[in-house]
Amino acid sequence: MVLKYKCLILDHDDTGVKSTPGIHYPSFVEALKYLRPSDKLITFEDFVRYCFNPGFSSLCKDIIKFTEKEQKYQQAVWKKYTESTVPDFYELFAETIQEFKKQGGIVTVVSHSERSRIERDYSIHCGFVPDAIFGWELPEHQRKPHPYPIKEILKRFNLQETEALMLDDLKPGLEMARSCHVDFAAAGWSHSIPEIKEQMKLESKYYFETVEQFNQFILCK
């Protein structure tokens, strides 16, 4: 088997694992109820829209305007949820990544989840830890959508831009890949909001409705 790309740069939440409905959104609601009890709650659909554009960090800092103390509280609630719940991978995703690695591919993860959670999820579901992980524990200027993670991956594994593929379900991953001249594929299997689907289809080099489509593409079936 000849792989189309030597390296996969994978998002984690709602690309590899099903996490926003059961972890990220309910933890955010719990924090918001405590910090802004008089505010109208953000719906799940609007939460996803904000995470798509301008991104979760901007939602907290620029839209809701959490103080630094409030931000720490929100993160503490989020950590409570992520510690207690191991999300499932999407059907066929773990098998796809396992086969890609078996064929000599490099598996990396760039996510707004923490490294420890990503290592846990991959160890449980895939039986290995990714070759590189760039998570929420990094300083903000080194997190997605900043180009640092991709540039570091290319340098660390001696790769050309054309040898890596970024897979993500939301715009911050798209913007990061674009800034680094790396091909981008949209994980459409987690999309339920029409305007997000349409924008990702329009702006991505590849758009996969299902994990099976991604599987067949990346493994050249």
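Preceding this paragraph is the structure being described.
Just so we're clear, the structure is a prediction, and the values are computed from it rather than from any experiment.

**With respect to the sheet that holds strand β1 (residues 7-10)**
Picture the strands of a sheet paired through backbone hydrogen bonds; they go either parallel or antiparallel. Read from one edge of the open sheet, six strands run β3-β2-β1-β4-β5-β6, paired in parallel fashion. Strands with a single pairing partner mark the edges of an open sheet, and in this sheet they are β3 (132-134) and β6 (206-208). Taken over all neighbouring pairs, the strand axes of this sheet differ in orientation by 20 degrees on average, direction set aside. Pairing of β1 with strand β4 (residues 164-168) involves four bridges; the strand directions are parallel. Within the sheet, the bridge partner assigned to leucine 8 lies in β4 and is leucine 165. Packed onto the sheet, helix α5 (residues 93-102) meets β1, β2 (106-110) and β4 and runs at close to 150 degrees relative to β1. Seen against the sheet, helix α10 (residues 211-218) touches β1, β4 and β6 and runs at an angle of roughly 135 degrees to β6.

**A word on the pattern of salt bridges**
Opposite charge on two side chains allows them to pair when their charged atoms are near. On inspection of all chains with the given rule, the structure shows 20 salt bridges. For glutamate 114, the salt bridge identified is with lysine 79, shortest N-O distance 3.3 Å. Of this pair, glutamate 114 sits in the loop between β2 and α6 (115-125) while lysine 79 sits in helix α4 (residues 68-84), and the two are 35 residues apart along the sequence. Classification of glutamate 114 as buried rests on a relative accessible area of 11%. Where arginine 117 meets glutamate 114, a salt bridge forms, and the shortest distance between an N and an O atom there is 3.8 Å. Considered together, arginine 117 and glutamate 114 belong to a single accessibility category, that of buried residues. Connected through shared salt-bridge partners, Lys79, Glu83, Glu114 and Arg117 make up one network.

**Looking at the nonpolar core**
The biggest cluster of nonpolar side chains holds 42 residues, and the ones touching the most others in it are Ile9, Phe28, Phe47, Phe56, Ile150, Met166 and Met200. With five residues, helix α1 (residues 20-35) is the largest single contributor of residues to this core. Once residues lying within four places of it in the same chain are set aside, the contact partners of isoleucine 9 are Thr108, Val110, Ile150, Ile153, Ala164, Leu165, Met166 and Leu167. With 29 residues, the next largest nonpolar core counts Leu10, Ala94, Ile97 and Tyr122 among its residues.

What counts, and where the lines are drawn
- Residues numbered from 1 in each chain as written.
- Predicted model: local features only at pLDDT ≥ 70, side-chain atom pairs only at ≥ 80, totals over all residues.
- Heavy atoms only, no water.
- Pairing = 2+ DSSP bridges.
- Helix = DSSP H or I, 4+ residues; strand = E, 2+ residues; numbered from the N terminus.
- Axes fitted to C-alpha atoms, helices over the stretch in contact; angles between N-to-C directions.
- Contact = heavy atoms within 4.5 Å.
- Salt bridge = Lys/Arg side-chain N within 4 Å of Asp/Glu carboxyl O.
- Buried < 20%, exposed > 50% of the residue type's maximum accessible area, 1.4 Å probe, protein only.
- Core = buried A, V, L, I, M, F, W, Y, C linked by side-chain atoms within 4.5 Å.

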